[in-house]
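Fold and geometry: a report
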Amino acid sequence: MERIIKVTGKGKISVKPDLIRLLINLEDKRETYEETVEQSTLQLEMLRDCFAKLGFERADLKTINFNVNTEYESYQDENRAWKQKFIGYKFVHAMKLEFDADNKRLGEVLYALAHAPVSPEFRINYTIRDVEAAKNKLLGKAVTDSKEKACVLTEAAGVKLGDIVTIDYSWGDKEFVSEPMVRNLAAPMMRSAKADSYNIDIEPDDISVTDTVTVVWEID
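This text gives an overview of the structure that appears in the document. (Residues numbered from 1 in each chain as written. Predicted model: local features only at pLDDT ≥ 70, side-chain atom pairs only at ≥ 80, totals over all residues. Heavy atoms only, no water.)

A few words now on the overall build of the chain. The helix and strand inventory of the chain stands at 3 helices and 7 strands. Its helices and strands in sequence order give the chain the pattern β-β-α-β-β-α-β-α-β-β, from N to C terminus. The C-alpha atoms of the chain give a radius of gyration of 26 Å, which is well past the 17 Å a tight globule of 220 residues would have. With respect to the principal axes defined by its C-alpha atoms, the chain has extents near 80 × 60 × 30 Å. Expressed as a percentage of the 220 residues in the chain, the buried residues total 37%. (Helix = DSSP H or I, 4+ residues; strand = E, 2+ residues; numbered from the N terminus. Rg over C-alpha atoms; globule rule 2.2 N^0.38 Å. Buried < 20%, exposed > 50% of the residue type's maximum accessible area, 1.4 Å probe, protein only.)

Moving on, we get to the nonpolar core. Core analysis: the biggest nonpolar cluster contains 29 residues, and Leu22, Ile24, Leu47, Phe51, Leu61, Leu106 and Ile124 have the highest contact counts within it. Broken down by secondary-structure element, the contributors of at least two residues to this core are β2 (19-30), α1 (33-52), β4 (82-100), α2 (103-114) and β5 (121-127). Counting residues per element, this core draws most heavily on α2, at 6 residues. Sequence-distant contacts of Leu47, that is, excluding residues within four places in its chain, are made with Ile24, Leu26, Leu61, Met95, Leu113, Val118 and Pro120. Counting residues in hydrophobic clusters, the runner-up holds 10 residues, among them Ile5, Val7, Ala150 and Val215. (Core = buried A, V, L, I, M, F, W, Y, C linked by side-chain atoms within 4.5 Å. Contact = heavy atoms within 4.5 Å.)

Pairing within the open sheet is antiparallel, and its 3 strands lie in the order β1-β7-β6. Looking at strand neighbours, the two that pair on one side only are β1 (4-15) and β6 (161-168), the edges of this open sheet. Taken pair by pair, the neighbouring strands of this sheet meet at an average axis angle of 35°, ignoring direction. Examined bridge by bridge, β1 and strand β7 (residues 207-219) share 12 bridges and lie antiparallel to one another. Within β7, the position partnered with Lys6 by the bridge is Val216. Sheet strands in contact with helix α3 (residues 131-157) are β1, β6 and β7, and its direction is about 140° off that of β1. (Pairing = 2+ DSSP bridges. Axes fitted to C-alpha atoms, helices over the stretch in contact; angles between N-to-C directions.)

Quick look at α3 now. A rise of 1.5 Å per residue sets the reference length of α3, with its 27 residues, at 39 Å; its end C-alpha atoms lie 39 Å apart and thus fit the reference within 8%. The complete set of buried residues in α3 reads Ala134, Lys135, Leu138, Leu139, Ala142, Asp145, Ser146, Ala150 and Thr154. Packing partners of the buried residues in α3 comprise β1, β6 and β7. Two residues or fewer past α3, Gly158 is found with a positive phi of approximately 75°. (Expected span 1.5 Å × (residues − 1).)

With that out of the way, let us pick up the pairing of β5. Most of β5 sits out of view: 5 of its 7 residues are buried. Summarising the sheet, β2 and β5 pair through 7 bridges and their orientation is antiparallel. Note that in β5 the partner of Leu19 across the bridge is Thr127.

Here we have 4 strands laid out as an open sheet, ordered β3-β4-β2-β5, and antiparallel in their pairing. The open sheet terminates on both sides in strands that have one partner only, identified here as β3 (62-76) and β5. Taking each pair of neighbouring strands and ignoring which way they run, the sheet shows an average axis angle of 20°. This element, α2, spans β2, β4 and β5 of the sheet and lies at about 170° to β5.

This part covers the pattern of salt bridges. Scanning the entire structure with this criterion turns up 17 salt bridges. Its salt-bridge partner being Lys29, residue Glu71 comes within 3.6 Å of it at the nearest N-O pair. One end of the pair, Glu71, is in strand β3; the other, Lys29, is in strand β2, and 42 residues separate them in sequence. On the basis of relative accessible area, Lys29 is assigned to the partly exposed category, the value being 44%. (Salt bridge = Lys/Arg side-chain N within 4 Å of Asp/Glu carboxyl O.)

Below you can see the structure in the form of structure tokens.
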């Protein structure tokens, strides 16, 4: 009979966010498909112009998702039966803009958004650039914790810890994200001495993430 011990280790790390991810959502309706697609392109170019004035490359504004769907509205006919009437098309364009976590830069971006010729919805995420390095550190801590627990258990049981048999890890995506600001805060913000910026004074908290690893060892 195989003699093994299975122990789940927990890793936890806290990292300081160094990247701001602005998630932007544009949507609008038009009567025809052609008008809808044309309007989506026009509004996208307006946003790109807006950010280009701040020194961003036009390609920095990246599409996450884009779709055009038919739109209907419900109504009652003369017999009071509910029916649907086609009213046109609606586009939804989800985008992101990433830049260094810097309050001055954020103030400029939010001011530009608030005064843009289009009115997108947006929210602000703080995250990190090197996600893979953080994930690897988290995984290492979880394995170390598992081994420490296994050593305590085997020592208490009077047996010896052997070689690793298996390591079970889900490999799920871990979100290194915090949202210290609620969306669309640009309107009530105070303008800075600079005419085209807002005063932003935010110190986001470190991002804490946990994960688990289950390790199976032989025991002698």
